[in-house]
Amino acid sequence: DPADVEAQLSAADLEVLTGQPDLAFKRLIGLIRETAGAERDTVRVRVLELFEVVGNADPTVLKARRDLMSALV
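Draft legend 1. The arrangement of the pattern of salt bridges in detail. Under the counting rule described, the total for this entry stands at five salt bridges. With a shortest N-O distance of 2.8 Å, Asp13 and Arg46 are connected by a salt bridge. Of the two residues, Asp13 is situated in helix α1 (residues 5–17) and Arg46 in helix α3 (residues 37–54); the sequence distance between them amounts to 33 residues. Asp13 gets classed as partly exposed once you look at its relative accessible area, which sits at 25%. Between Arg46 and Glu49 there is a salt bridge, with its nearest N and O atoms 3.3 Å apart. One end of the pair is Arg46 and the other is Glu49, both in helix α3 and three residues apart, which spans about a single turn.

Okay, here's the thing in structure tokens:
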């Protein structure tokens, strides 16, 4: 369910674990654009946690950081 934040977080975690961080970041950043308040902050924090898991120097993370900044303005 695209509106279920917890389900989206779990799906993103699974995508990172299966070597698809680009899909996870796209999923969560899209969710940030659609949510507000506490839900949005929860998703933002998870994205930052996943950046750490994948590695801050990874090209996927570098692109996702730019996308995240765009989504937050």
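Draft legend 2. Focus on the packing of aromatic side chains. If you walk through the whole model with that rule in mind, you get one aromatic pair. Measuring from centroid to centroid gives 5.0 Å for Phe25 and Phe51, while their planes differ by 70°, and the two rings are edge-to-face. Of this pair, Phe25 sits in helix α2 (residues 21–34) while Phe51 sits in helix α3, and the two are 26 residues apart along the sequence. Residue Phe25 is classed as buried on the basis of its relative accessible area, which comes to 2%.

Draft legend 3. Looking closely at α2. With 14 residues, α2 ought to run about 20 Å at 1.5 Å a step, and its terminal C-alpha atoms sit 20 Å apart, in line with that. For α2, the set of buried residues is Pro21, Ala24, Phe25, Leu28, Ile29, Leu31 and Ile32. Viewed along the axis of α2, the buried residues span an arc of 155°, placing them on a single side of the element. Facing away from the buried side of α2, by more than 90 degrees, are the exposed residues Lys26 and Glu34.

The rules behind these values
- Residues numbered from 1 in each chain as written.
- Predicted model: local features only at pLDDT ≥ 70, side-chain atom pairs only at ≥ 80, totals over all residues.
- Heavy atoms only, no water.
- Salt bridge = Lys/Arg side-chain N within 4 Å of Asp/Glu carboxyl O.
- Helix = DSSP H or I, 4+ residues; strand = E, 2+ residues; numbered from the N terminus.
- Buried < 20%, exposed > 50% of the residue type's maximum accessible area, 1.4 Å probe, protein only.
- Phe/Tyr/Trp six-rings, centres within 6.5 Å; stacked < 30°, edge-to-face > 60°.
- Expected span 1.5 Å × (residues − 1).
- Arc of directions from axis to C-beta.

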